[in-house]
Amino acid sequence: MEVRTCAPDEVRRALDPIWHYFGGRADDEEVERLAPILPAERVHAAFEEGAIVGGAGAYLFETTVPGSRSVPTAGVMAVGVLPTHRRRGALTKLMRRQLADAHERGEPLALLFASEGGIYSRFGYGLASLAGDIELPKEHARLWDDEPLGQARLLDTDEETLELLPGIYDRVQADTVGMFTRTLDWWRIRRLYQRPGRSGGEQMRAVIELDGRPEAYALYRVNFAARHMVTETTLEVGEALGTSPRALAAIWRFLLGIDWVARIETSWLPLDHPLFLSLREPRRMQFSVSEALWVRLVDVGAALAARGLGDGAIVLDIRDDFCPWNQARWRLSEGSVDRTTAEADLRLDVSELGSVYLGGFTFDQLRRAERLEELKEGAAARADELFRTERQPWCPELF
């Protein structure tokens, strides 16, 4: 079985394995639409006797990491192997080649949303954040302070949307660990695209102006339904961002105040979202927690050096059989990251390092889950001082 990057005319067949599990096939129109953000050189395929039996893609973007720094990232997507070729090593070969190429391109980090977490931990990915979905009945969408803030208005055209929303997103993204950069192509192809034949309402775009400046926005759909003239409409919030706590409160007050709605639903909210403290009855959100980002340090040294670190020093013995260039003892001290022969304080797999990298989990949690070896007493606590973050990491978009 051969694994290599695709030629342009091979991309559609490389996407077919994952499309198979969604009940269909990729088509030329879809491949052409994705091409500006997923060029052929960022798609790998597994070939057997000339036929493509598996594929894996990786977007390129930059991710905000602790310290408000940006790290070039492989955004892994469309990973699949046809059911006719399962358990033959195709996925392992795809993942190995994808990570090797990301390393060669100088992308220290890889991110993904896992269909099944047990798959990707084998390749060095660690669960790095949690997020949740809400289903809030409108009659319980009551805030402690629900006075409107600012001026809301709806945007009618893609041109106006692209003029106003990316600037708001960029300001939020720069300060939010786990969020990644969006190009205008990404906005057009991923966030504003409305798939033909999609059930439900069309995408609405609202912006909030505070003191005459756009500071918050929401992408949402009104999925209309009624029975006996009583609304059963669902307000589906795709994304709601604000550049400050006041701006975020303003956009949520707008959304929760929309009339003739039975319930409000949204996905991928962080566990520390302000709605938990803004709503009078937060349990009414029926917040259900799920896995969110999985992180893989493609280049341990470069990824750790790019991350903000606190005071102190620690020596980590990192195991990484899948990407052997990472396997070493690493000394973290005074903001520097270097290979060392010094005695290690903690021993852990690269996947566990991925879990703590963005600050979603701690070394102490890994210790209590018996996912690392504490070689010196108190080492986990010292490592947590180095890696401490103020907020939960958050990526508001499934990619």
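Our subject in this report is the structure included herewith. (Residues numbered from 1 in each chain as written. Predicted model: local features only at pLDDT ≥ 70, side-chain atom pairs only at ≥ 80, totals over all residues. Heavy atoms only, no water.)

1. A short note on the nonpolar core
Among the nonpolar cores identified, the biggest contains 78 residues, and Leu297, Leu332, Leu353, Tyr357, Phe363 and Phe399 are the most heavily contacted of them. Of all the elements, helix α5 (residues 158-174) adds the most residues to this core, at six residues. (Core = buried A, V, L, I, M, F, W, Y, C linked by side-chain atoms within 4.5 Å. Buried < 20%, exposed > 50% of the residue type's maximum accessible area, 1.4 Å probe, protein only. Helix = DSSP H or I, 4+ residues; strand = E, 2+ residues; numbered from the N terminus.)

2. A closer look at the environment of Glu397
By the secondary structure assignment, Glu397 is in the segment after α12 (379-387). For the pair Glu397 and Ala328, spaced 69 residues apart in sequence, the C-alpha separation works out to 34 Å. The contact partners of Glu397, leaving out residues within four places of it in the chain, are Phe113, Phe180, Arg182, Trp186, Arg190 and Arg191. Among the polar contacts listed, one links the side chain of Glu397 to the side chain of Arg182, at a separation of 3.0 Å. (Contact = heavy atoms within 4.5 Å. Polar contact = N/O pair within 3.5 Å; in protein donor to acceptor, adjacent residues only side chain to side chain.)

3. Topic: the packing of aromatic side chains
Summed over all chains, the structure comprises 16 aromatic pairs. Between Phe113 and Phe399 the ring centres are 5.3 Å apart and the planes differ by 80 degrees, which places this aromatic pair in the edge-to-face class. Here Phe113 is found in strand β5 (residues 109-113), whereas its partner Phe399 is found in the segment after α12, with 286 residues between them in sequence. By the burial criterion, Phe113 is buried, and Phe399 matches it. Taking 5.5 Å as the distance between ring centres and 90 degrees as the angle between the ring planes, the aromatic pair formed by Phe180 and Phe399 counts as edge-to-face. Linking Phe180 in the loop between α5 and α6 (184-191) with Phe399 in the segment after α12, this pair joins segments that are 219 residues apart in sequence. (Phe/Tyr/Trp six-rings, centres within 6.5 Å; stacked < 30°, edge-to-face > 60°.)

4. Brief notes about the packing of α5 against α6
To describe two helices that pack against each other, one gives the angle between their axes and the distance between the axes. Running from amino to carboxyl end, α5 crosses α6 at an angle of 105 degrees, the nearest separation of the two axes being 11 Å. Between α5 and α6, the interaxial angle falls into the category roughly perpendicular. Across from Leu162, Leu165, Pro166 and Tyr169 in α5, the residues of α6 making contact are Leu184, Trp187 and Arg188. Each residue belonging to the contact of α5 with α6 can be placed in one class, and the counts come to six nonpolar, no polar and one charged. (Axes fitted to C-alpha atoms, helices over the stretch in contact; angles between N-to-C directions. Parallel < 35°, antiparallel > 145°, perpendicular 65-115°, else oblique. Nonpolar A, V, L, I, M, F, W, Y, C, P; charged D, E, K, R; others polar.)

5. Thoughts on the pattern of salt bridges
If the charged atoms of two oppositely charged side chains come close together, the side chains can form a pair. Counting across every chain of the model gives 35 salt bridges. Glu215 serves as the salt-bridge partner of Arg213, at 3.7 Å between the closest nitrogen and oxygen. Judged by relative accessible area, which is 46%, Arg213 ranks as partly exposed. Salt bridges sharing common partners tie together Arg12, Asp16, Arg25 and Asp28. (Salt bridge = Lys/Arg side-chain N within 4 Å of Asp/Glu carboxyl O.)

6. Digging into unusual backbone geometry
Phi is positive for Asp211, close to 55 degrees, though the residue is something other than glycine. With respect to the helices and strands, the residue Asp211 is situated in the loop between β9 (203-210) and β10 (213-223). Looking at Asp211, the relative accessible area reads 73%, which means it is exposed. The backbone phi angle of Glu370 is positive, close to 60 degrees, even though this residue is not glycine. With respect to the element layout, Glu370 can be found in the loop between α11 (363-368) and β21 (372-374). The class of Glu370 is exposed, set by a relative accessible area of 70%.

7. Details of the side chain of Arg182
Looking at where Arg182 falls in the secondary structure, it is placed in the loop between α5 and α6. Other than its neighbours up to four places away in sequence, Arg182 contacts Tyr169, Trp187, Arg191, Tyr217, Glu239 and Glu397.

8. Quick notes on the sheet that holds strand β7 (residues 130-137)
With mixed pairing, seven strands are arranged side by side in an open sheet as β8-β9-β10-β13-β14-β7-β15. Lying at the two open borders of the sheet, with one neighbouring strand each, are β8 (151-154) and β15 (288-291). Averaged over all pairs of adjacent strands, the angle between their axes in this sheet comes to 25 degrees, without regard to strand direction. In terms of strand pairing, β7 meets β15 through four bridges, oriented antiparallel. The partner of Leu130 across the bridge, within β15, is Glu291. (Pairing = 2+ DSSP bridges.)

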